[in-house]
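Structural overview
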Amino acid sequence: MKKKGLDICQKFLHGQWENITTNEIIVKPISGGYSNQIYYCSLPEGREPVVNEPKHVLLRMYGIGTTIPGDDYKVTDSLITLLLSERGLGPKLYGVFPGGRLEEFIPSRALVPQELKNREYVGRIAKNFARIHTLDVPINKKLDYLFTTMEKWLKTVPIPTGADTPAQQYPNPELEREVVGYNYRRELQWLRRVLPECGSPVVFAHNDLSPGNVLICDDPLAYGGGDGLLVIDYEWAAYNYRGFDFATHFIENQYDFSVADYPYFRVDFDAYPTDEEKRHFMCHYIKHSPDLSAGRETEDQLIREADYYSVAAHLFWALWSVSQIRASNMQFCNWDNSKARLGIPCSLKMLTQHNYLEA
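Here is what the cut-offs are and how they apply
- Residues numbered from 1 in each chain as written.
- Predicted model: local features only at pLDDT ≥ 70, side-chain atom pairs only at ≥ 80, totals over all residues.
- Heavy atoms only, no water.
- UniProt positions renumbered as here; feature names shortened; annotations may be inferred.
- Pairing = 2+ DSSP bridges.
- Helix = DSSP H or I, 4+ residues; strand = E, 2+ residues; numbered from the N terminus.
- Axes fitted to C-alpha atoms, helices over the stretch in contact; angles between N-to-C directions.
- Buried < 20%, exposed > 50% of the residue type's maximum accessible area, 1.4 Å probe, protein only.
- Polar contact = N/O pair within 3.5 Å; in protein donor to acceptor, adjacent residues only side chain to side chain.
- Salt bridge = Lys/Arg side-chain N within 4 Å of Asp/Glu carboxyl O.

Named according to an unreviewed UniProt entry, the chain is Choline/ethanolamine kinase originating from Medioppia subpectinata. The UniProt entry for the chain carries the following text under Sequence similarities (unreviewed entry): "Belongs to the choline/ethanolamine kinase family."

See the structure below:
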């Protein structure tokens, strides 16, 4: 990886980067996400920049054997990174190549799931949501992203697991039979009937704003309009229903993927935001949305959108889990994840409690 990292850095960076060798460059893995492999690349100790070149950068390699909706997601991700960089809301983009990109390394840490209940962070995240949703991005605005993506993943559900599949990838093979036997088609038909009732508009959406995609910068005045918070990873970004973006973020309160032991995640359905917590989020979202008027009525509408689409978000990520375990070379415990998400008790409970649907 050091040789590959140096080759890429020397293609896009100048100054000292042209004078170091494979043995000198510092390359360290930062994370191994489901869709990207990320590395920290740095000049060696004692080699200081000479022509304003960066001393360290972040090398993002797009995942191999993973499934992301649409073949143009890499273009979209880099395009959004560039747009936000120009507005001072994201990292600088130093280079784009077929297998990934080279970008500014920002000293920071990712938000942890427990911090999604921190009111200060909630307000900052809501502000970033508002800014993202007002972006005008030159990509397909007419594609029905939500259902088109789920329909594509649904095609992978009946595919049987091959006999040569590593046994460790399926510690509980009986879960596969249970998850594959679920009537997804019926659920999609039901969602197509119900979701339009809440009137959620289509906006440019992040679609995957989990804690790991929110950075708290070491410099408290950096990015995010000076609040030290930075939203990253736009590979799922597309024009989609506003409620889905809210819902995907809200249901992340229920999941902790930092668990070290099988199945590598923990679920707490009772952690879904309370009405008061959702109202706090929406109040800050409205404050930074020029086309929305402040007031309880607007907050109620946005909360309604989030609760409706939380059902769709659970199903969306359940189907993603099945698709990933079919096509990915990376090890997942996604049968367990799919089963957990297919429970969706919290989302349906929210809809019935608020009389959105007949119980």
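**A few points about the sheet that holds strand E6 (residues 108–110)**
Across the sheet, 3 strands lie side by side as E6-E8-E9; this open sheet has antiparallel pairing. The strands lining the two open edges of the sheet, one partner per strand, are E6 and strand E9 (229–231). The average undirected angle you get between the axes of adjacent strands in this sheet is 30 degrees.

**Details of the environment of Trp236**
On the secondary structure map, Trp236 appears in the loop between E9 and strand E10 (238–241). Along the chain, Trp236 and Ala205 lie 31 residues apart, while their C-alpha atoms are 8.5 Å from each other.

**Observations concerning the side chain of Ser42**
Inspection of the secondary structure assignment puts Ser42 in strand E2 (residues 36–42). Looking at Ser42, the relative accessible area reads 4%, which means it is buried. Among the polar contacts listed, one links the side chain of Ser42 to the side chain of Tyr40, at a separation of 3.4 Å.

**What to know about the pattern of salt bridges**
Counting across every chain of the model gives 19 salt bridges. Between Arg101 and Glu103 there is a salt bridge, with its nearest N and O atoms 2.6 Å apart. Across the pair, Glu103 and Arg101 agree in class, each one buried. What you see here is one network of salt bridges that share partners, running through Arg60, Arg101, Glu103 and Asp233.

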